[in-house]
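Per-entry structural report
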Amino acid sequence: MRIEIEIERSNPAEGQPARFETFRVEVPRHITVLDTLIKLKNEVDGSITFRRSCRSAICGSCAMRINGRSGLACDTLVEDELHRFGHLRVQPLAHMPVMRDLAVDMQPFWNRVEAVNPWVETAPEREPAWPVERETLMDQAAVDEMDDTSKCIMCMACFSACEVSDVDTRFLGPAALAKAYRVVADPRDERKQERLTALNEVGGYWDCTRCNQCVQACPKDVKPMEAIVHLRREAINAGLTNTAGSRHITEFIKIVRSEGRLNEGRMPLKMVLSDPKKLLSVLPLAVDMLRHGKLPSPIHPPIPRVKEVRRIMDKKAK
Amino acid sequence: MKLKYAYYTGCAAKGVCPELDQATQAVARALDIELIELTAASCCGAGVIGELEYDTQLAMNARNLAMAEQLGLNMMTICGTCQGVISRANVALQHTATRDRINQGLIGNGGIYKGTTGVLHLLWVLVKEFGLARLEQAVTHPLTGLRVGPFYGCYILRPSEYLGFDDPYNPRSLEGVIRALGAEPVDYSGRTKCCGFPIVLENESNAMKMVGAHLLEAKGNGADCLVTPCPLCHMNLDLYQGKAEQEMHRKIGLPILHLPQLVGLALGLGPEALGLRRNMVDAMQLAADVGAT
Ligand code: SF4
Ligand code: SF4
Ligand code: FES
């Protein structure tokens with residue numbers, strides 16, 4: 001089939017800003033986006049720059065934005081893209097500086113992964129709890145818990161897709177936090193509390209907006225957002241309850257337990273009462289809401305049969 | 001055959017967004033869709049309860065689904081977030097072992113869940129069950145010339161493995177509805193993005209940057225208003241729009257309609273019936289412009 005592919009080309013070192021260049025090429029029907037790029041590089045323009053190695057969704061080198069979606073070029077069929085979007089447009093991954101064409105400088109990604117110390121550590125002051133000279137046996141449940149996050153091939157697709165990373169460069173992002181959970185969940189690691197405490201800060205697990213972009217983008221089903229949710233749960237269960245994020249969850253649960261329903265008149269109240277600065281900042285908004293009949297009364301009758309809901313919720317607490 | 005659903009309002013439509021419930025009921029009446037409200041249904045957990053207590057959230061939704069099942073009806077939601085959470089719960093509850101475990105906690109309540117109920121958002125009902133051709137025929141006041149930016153919100157699109165409706169990267173259902181109403185959909189990249197609502201209480205500035213970016217992009221591409229199937233998106237885009245304007249140092253002033261509000265305008269329902277006065281960013285002018293009185 002004869003196709004058209006638009007490639008975002010740039011060469012910042014030589015002062016060439018990004019622009020789209022369109023190539024028309026005859027390709028076999030089931031060709032991947034990566035093989036199309038390789039064909040173009042070999043036959044048409046040797047200067048087209050991109051990373052690749054395995055061509056089979058293993059090495060994680062060839063991630064790029066394909067019609068806006070961050071994913072592996074070797075794992076994406078040209079025909080599918082044309083069918084879905086009617087066109088084929090490739091761009092470098094987001095959130096990292098472009099070196100040339102589709103190749104980005106990966107350092108911002110690696111900095112984030114390194115920041116979580118992604119290796120199992122023992123408490124420094126003593127010998128490891130497990131015998132280092134032998135293999136360590138783990139039970140299946142522990143392995144299952146780490147399984148998703150162990151599958152990461154560091155392709156950076158999730159980081160490129162991450163919506164908080166669009167607006168905040170301090171956020172560690174999905175892959176790094178998934179790695180962090182990989183280690184927190186590892187029964188051999190002896191620095192859990194330290195890790196959870198370090199990531200309880202700005203840029204850590206509370207900054208995720210749960211947009212699911214990383215879950216959708218990941219070619220290896222790592223589900224980074226689920227790992228972030230697990231980190232939050234571990235943090236609350238480990239007593240790290242001093243953040244707005246953890247208060248949000250625990251207050252939400254309390255309100256639903258009492259009324260069967262979330263009352264948005266009470267939720268922000270609970271959040272701002274702990275912080276007078278916040279209270280002042282929401283006051284004008286509250287007045288405006290009142291004017292539009294949008295301020296729900298903080299006192300609400302519970303739903304019928306609320307006892308059933310309480311029973312379900314209390315069962316867990318036991 | 002008359003369409004009939006077990007109507008799950010979710011919390012927002014009973015709290016901050018009563019206009020969503022009101023507009024839904026008005027549109028359903030106009031389209032002759034029968035809604036039996038699940039008045040004893042609880043919060044779906046919004047993914048928030050599940051962050052700490054996954055099984056509790058699952059059990060709450062098994063209870064909600066069981067109520068629809070007992071009526072012999074599929075459930076209709078009007079909130080993208082509820083849809084995401086309940087769809088996912090329903091997929092999990094298809095596994096017999098999971099369902100049995102969760103049902104243990106429901107014994108003594110109104111009943112257990114057998115796993116036979118479908119869950120559809122109003123948007124999906126319109127596209128799949130009511131049908132866009134029929135909707136087009138029902139339109140009495142076509143929204144000719146109105147340029148509408150669709151804002152899907154995360155949970156009605158992602159993770160798509162639990163939803164199985166729209167293409168998460170190139171959804172078409174809202175565009176289909178907008179066209180059926182005689183209006184014109186506006187394309188912009190923010191249409192599939194996150195509104196930032198889940199972090200608005202934790203990190204308002206990041207959330208407002210997200211809102212601001214999407215609103216300005218849509219406006220730049222010519223949108224007269226946005227339409228959303230999620231009341232939580234609606235809160236961030238509408239209620240917080242003033243804050244987003246502060247964050248972006250720009251006046252934006254883009255009306256944000258709930259899905260049934262937009263549909264209602266094309267069915268000739270007035271601003272009163274659709275609760276348009278409650279929208280924080282003025283939508284009354286827009287209603288007047290399309291001839292709604
Ligand atoms: S869910 Fe969180 S980590 Fe994943 S892409 Fe969204 S904001 Fe980023
Ligand atoms: S989590 Fe998935 S998308 Fe992210 S780097 Fe790892 S393999 Fe790639
Ligand atoms: S080339 Fe190795 S993952 Fe695509």
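As shown above, the structure is provided for reference.
Here the structure is a predicted model, which means the values were calculated and not measured.

Attention shifts here to the overall build of chain B. Regarding its fold elements, chain B presents 13 helices and eight strands. Here the C-alpha coordinates of chain B stretch approximately 55 × 45 × 30 Å along the principal axes. Residue burial in chain B is summarised as follows: out of 293 residues, 67% are buried. Taking all contacts inside chain B whose residues are at least 6 apart in sequence as the whole, residues at least 24 apart take part in 75%.

Okay, the site of ligand 2 next. Close to ligand 2 lie A:Cys152, A:Ile153, A:Met154, A:Cys155, A:Met156, A:Ala157, A:Cys158, A:Ala175, A:Cys218, A:Pro219, A:Val222 and A:Pro224, which account for all nearby residues. Residue composition of the shell around ligand 2, by class: twelve nonpolar, no polar and no charged.

What follows concerns a nonpolar patch on the surface. Together, A:Leu279, A:Leu280, A:Leu283 and A:Val287 line one region of the surface with nonpolar side chains, adding up to about 360 Å² of accessible area. With respect to the helices and strands, A:Leu280 occurs in helix 13 (residues 276-291).

Okay, the packing of aromatic side chains next. Tallying each qualifying case throughout the model produces four aromatic pairs over all chains. On the basis of an interplanar angle of 45 degrees and a centroid distance of 6.0 Å, the ring pair of A:Phe109 and A:Phe159 is categorised as tilted. Of the two residues, A:Phe109 is situated in helix 3 (residues 107-115) and A:Phe159 in helix 5 (residues 157-161); the sequence distance between them amounts to 50 residues. Just as A:Phe109 is buried, A:Phe159 falls in that class too. Summarising the aromatic geometry, the rings of A:Tyr205 and A:Trp206 are spaced 5.7 Å apart at their centres and angled 70 degrees between planes, so their arrangement reads as edge-to-face. Like A:Tyr205, the residue A:Trp206 is buried in the burial classification. Cluster of aromatic residues (ring-pair linked, three or more members): A:Phe109, A:Trp110 and A:Phe159. The ring of B:Tyr169 has A:Arg69 sitting right over it, with the charged end atom 5.8 Å from the ring centre. Above the face of the B:Phe130 ring, B:Arg134 is positioned so that its terminal group lies 4.1 Å from the ring centre.

Next up on the list: the packing of helix 7 (residues 174-184) of chain A against helix 10 (residues 224-237) of chain A. Residues and elements named next belong to chain A. Remark: helix 7 packs on helix 10, axes separated minimally by 8 Å, with the N-to-C direction vectors making an angle of 50 degrees. The orientation of helix 7 with respect to helix 10, classified from their angle, is oblique. By crossing handedness, the relation of helix 7 to helix 10 is classed as left-handed. Where helix 7 approaches helix 10, its residues Pro174, Leu177, Ala178, Ala180, Tyr181 and Val184 are matched on the opposing element by Pro224, Ala227, Ile228, His230, Leu231 and Glu234. Residues belonging to the contact of helix 7 with helix 10 are distributed by class as follows: ten nonpolar, one polar and one charged.

Analysis parameters
- Within any chain, residue numbers begin from 1 and follow the written order of that chain's sequence.
- Following the order in which they are written, the chains are lettered starting with A and the ligands numbered starting with 1.
- Restriction of local features to residues with pLDDT of at least 70 applies here, the model being predicted, together with a cutoff of 80 or more for giving and counting side-chain atom pairs; totals for whole chains, interfaces and linings are based on all residues.
- Side-chain descriptors were evaluated using all non-hydrogen atoms of the structure, hydrogens and water having been removed beforehand.
- Helix and strand definitions here come from DSSP, where helices need a minimum of 4 consecutive H or I residues and strands a minimum of 2 consecutive E residues; each element is numbered from the N-terminal end.
- Each residue is placed in one exposure class: buried if its accessible area under a 1.4 Å probe, protein chains only, is under 20% of its type's maximum, exposed if it is over 50%, and partly exposed if it falls in between.
- Any pair of residues with heavy atoms lying within 4.5 Å of one another is described as a contacting pair.
- If even one non-hydrogen atom of a residue comes within 4 Å of a molecule or strand, that residue is called near it.
- Any residue outside Ala, Val, Leu, Ile, Met, Phe, Trp, Tyr, Cys, Pro, Asp, Glu, Lys and Arg is labelled polar, Gly included; the first ten of those are nonpolar and the last four are charged.
- Each patch is assembled from residues with relative accessible area greater than 30% and no salt bridge, linking like charges that lie within 9 Å and nonpolar side chains (Val, Leu, Ile, Met, Phe, Trp, Tyr) that lie within 5 Å.
- In short, Shrake-Rupley with a 1.4 Å probe defines the accessible areas, and a residue's cover is counted only from the protein chains shown.
- Definition used for salt bridges: Asp or Glu carboxyl oxygen within 4 Å of a side-chain nitrogen of Lys or Arg.
- Two rings belonging to Phe, Tyr or Trp (six-membered ring only in the last case) form a pair when the distance between their centres is within 6.5 Å. Interplanar angles under 30 degrees mark stacking, angles over 60 mark edge-to-face geometry, and anything in between is tilted.
- Whether a charge lies above a ring is judged from NZ of Lys or CZ of Arg, which has to be within 6 Å of the ring centre and within 35 degrees of the ring normal.
- Axis lines are fitted to C-alpha atoms, over the contacting stretch for helices. Their N-to-C directions set the angle, which ranges from 0 to 180 degrees.
- Note that the term roughly parallel is reserved for angles under 35 degrees, roughly antiparallel for angles over 145, roughly perpendicular for angles of 65 to 115, and oblique for everything else.
- Handedness of each helix crossing follows the sense of rotation of the near helix against the far helix: counterclockwise by less than a right angle gives left-handed, clockwise gives right-handed.

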